[in-house]
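Each chain, written out:
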Amino acid sequence: MTITMNYATGSLMLTLTGRLDTTTAPQLEKALQENWDGIRSVTFDFAGIEYISSAGLRVLLSAQKRMNAAAGTMKLIHVNETVMEVFDITGFTDILTIE
Amino acid sequence: MQSELRISPDADFAQKVVDFMDSCLIGSETVVPARQANRLRIAADEVASNLLAYSGATEVLCQFAVHGSEIILKFSDDGVVYNPLSQSVSDTTSSVEDRPIGGLGLLLVKRLMSDIRYERSAGKNILTLQLHL
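No experiment lies behind these values; they were computed from the predicted model shown.

**Student:** I tried to follow the nonpolar core on my own but got confused; where do I start?
**Tutor:** General note: in soluble globular proteins, nonpolar side chains tend to be found buried as a group. Grouped together as the largest cluster of nonpolar side chains are 70 residues, with contacts concentrated most on Phe44(A), Phe46(A), Phe87(A), Phe75(B) and Leu129(B). Beyond its immediate sequence surroundings of up to four residues, Leu129(B) is in contact with Ala43(B), Val47(B), Ile71(B), Ile72(B), Leu73(B), Phe75(B), Val109(B), Met113(B), Asp115(B) and Ile116(B).

What follows is the structure, given as structure tokens:
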């Protein structure tokens, strides 16, 4: 999976391409951990993501909890049908902001 | 058409299983639409992760077969008795703070596949996933 990051003051945009699964989730986790400081708004662009498995859900849940605790905002954009189906099945549509 | 992969689960196990799925899907004479193919990849990733984490298996046999419009994916492992179907499924209604992390993977497998069966036979766990095209 490739991760491209764009910054503005206090905000971070991550553009993901490939698959967010057991193999690639640690990569996203690490990218977030290394770039959290001072971030109040994070956006994940999922246009290039084919699918997500529970390993990816865990990283997103952790990110959402962190942003909630920091009174920040987090959203996902350009989510495809397969990813949306996973969010629906697992109830993550209630946890995440998906535009 | 049938393909199989026989390996000892290691840290890259999930990746190897998904790579195996990719080659089976690409090589399949029956065209598998992208949505269905991705459901299979997700299920394979979840099963592989669970096997690695909980079964203590030293060897896993993955078998992929297409019978008409049915795709059959079978995992046989020599680990401890472990039936993923009997594990409790994650609560999907609790708030973010209360949400338990575990169980989501199995929930996905159960909901994405058309059928899923477990049996214990000759010292092996055998999990069979079926997806109707």
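**Student:** In this structure, what is going on with the interface of chain A and chain B? I would like to understand it.
**Tutor:** Interface size, as often reported, equals the accessible area lost upon joining of the parts. Across the boundary between the two partners, chain A contributes 23 residues, which contact 23 residues of chain B. Summing both partners gives a buried area of about 2200 Å² for chain A against chain B, and 58% of it is carried by carbon and sulfur. Our count for the chain A to chain B interface comes out at four salt bridges. Linking Arg39(B) and Glu85(A) is a salt bridge whose minimum nitrogen-to-oxygen distance equals 3.0 Å. There are nine residue pairs in polar contact (both at pLDDT 80 or more) connecting chain A and chain B. Secondary structure elements with two or more residues in the side of chain A that touches chain B: strand E3 (41-52), helix H2 (54-69) and helix H3 (81-90) of chain A. The class makeup of the residues in the side of chain A that touches chain B is eight nonpolar, eight polar and seven charged.

**Student:** What should I look at first to understand the sheet that holds strand E5 (residues 124-132) of chain B in this one?
**Tutor:** Whether parallel or antiparallel, the strands of a sheet pair through hydrogen bonds between backbone atoms. Residues and elements named next belong to chain B. The five strands are arranged E1-E2-E3-E5-E4 in an open sheet whose pairing can be described as antiparallel. Strands at the two margins of the open sheet, each flanked by one partner only, are strand E1 (2-7) and strand E4 (115-121). For this sheet the average axis-to-axis angle between neighbouring strands, irrespective of direction, equals 15°. The sheet contact formed by strand E2 (residues 60-67) and strand E3 (residues 70-77) spans eight bridges and is antiparallel. Looking at E3, one finds that Gln 63 is bridged to Lys 74.

**Student:** What's the story with the sheet that holds strand E1 (residues 2-8) of chain A in this structure? I'm lost.
**Tutor:** Residue and element names in this part refer to chain A. Spatially, four strands are ordered E1-E2-E3-E4 in an open sheet, and the strand pairing comes out mixed. With partners counted over all chains shown, the strands left at the sheet margins are E1 and strand E4 (73-77), one partner each. Ignoring which end each strand starts from, the neighbouring axes of this sheet average 15° apart. Here E1 runs beside strand E2 (residues 11-20); their pairing, made up of seven bridges, is antiparallel. Opposite Thr 4, over in E2, you have Thr 15 as the bridge partner. Sheet strands touched by H2: E2, E3 and E4. Its angle to E3, the strand with the most contacts, is close to 170°. The strands that H3 touches are E3 and E4; relative to E3, the one it contacts most, it runs at about 110°.

**Student:** Is there a simple way to think about the side chain of Asn125(B) in this case?
**Tutor:** All names here are of chain B. Checked against the element boundaries, Asn 125 lands in strand E5. Exposure remark for Asn 125: the relative accessible area of 2% places this residue in the buried category. Of the polar contacts made by the side chain of Asn 125, one reaches the backbone oxygen of Val 80; its length is 2.8 Å. Reaching out from Asn 125, the side chain makes a polar contact with the side chain of Tyr 118 at a distance of 2.6 Å. If we ignore the near neighbours within four places in the chain, the residues touching Asn 125 are Phe 75, Ser 76, Asp 77, Gly 79, Val 80, Val 81, Tyr 82, Tyr 118, Glu 119 and Arg 120.

**Student:** Is there a simple way to explain the pattern of salt bridges in this structure?
**Tutor:** If you walk through the whole model with that rule in mind, you get eleven salt bridges over all chains. Close ionic contact of Glu85(A) with Arg35(B) constitutes a salt bridge, the shortest N to O distance being 3.5 Å. On the criterion of chain membership, the pair formed by Glu85(A) in helix H3 and Arg35(B) in helix H2 (residues 34-55) is interchain, its members lying in two chains. According to the relative accessible area criterion, Arg35(B) is partly exposed, its value standing at 29%.

**Student:** Looking at this structure, I do not really get H2(B). What am I missing?
**Tutor:** Because an α-helix completes one turn every 3.6 residues, residues spaced three or four positions apart along the sequence face the same direction. Residue and element names in this part refer to chain B. Between its first and last C-alpha atoms H2 spans 30 Å; for 22 residues at 1.5 Å apiece the expected length is 32 Å, and the two agree. Of all 22 residues in H2, 16 are buried, a share of seventy percent or more. One or two residues past the end of H2 sits Gly 56, with phi positive at roughly 65°.

The rules behind these values
Residues numbered from 1 in each chain as written. Chains lettered and ligands numbered in written order. Predicted model: local features only at pLDDT ≥ 70, side-chain atom pairs only at ≥ 80, totals over all residues. Heavy atoms only, no water. Core = buried A, V, L, I, M, F, W, Y, C linked by side-chain atoms within 4.5 Å. Buried < 20%, exposed > 50% of the residue type's maximum accessible area, 1.4 Å probe, protein only. Contact = heavy atoms within 4.5 Å. Buried area = accessible area lost by both parts, 1.4 Å probe. Salt bridge = Lys/Arg side-chain N within 4 Å of Asp/Glu carboxyl O. Polar contact = N/O pair within 3.5 Å; in protein donor to acceptor, adjacent residues only side chain to side chain. Helix = DSSP H or I, 4+ residues; strand = E, 2+ residues; numbered from the N terminus. Nonpolar A, V, L, I, M, F, W, Y, C, P; charged D, E, K, R; others polar. Pairing = 2+ DSSP bridges. Axes fitted to C-alpha atoms, helices over the stretch in contact; angles between N-to-C directions. Expected span 1.5 Å × (residues − 1).

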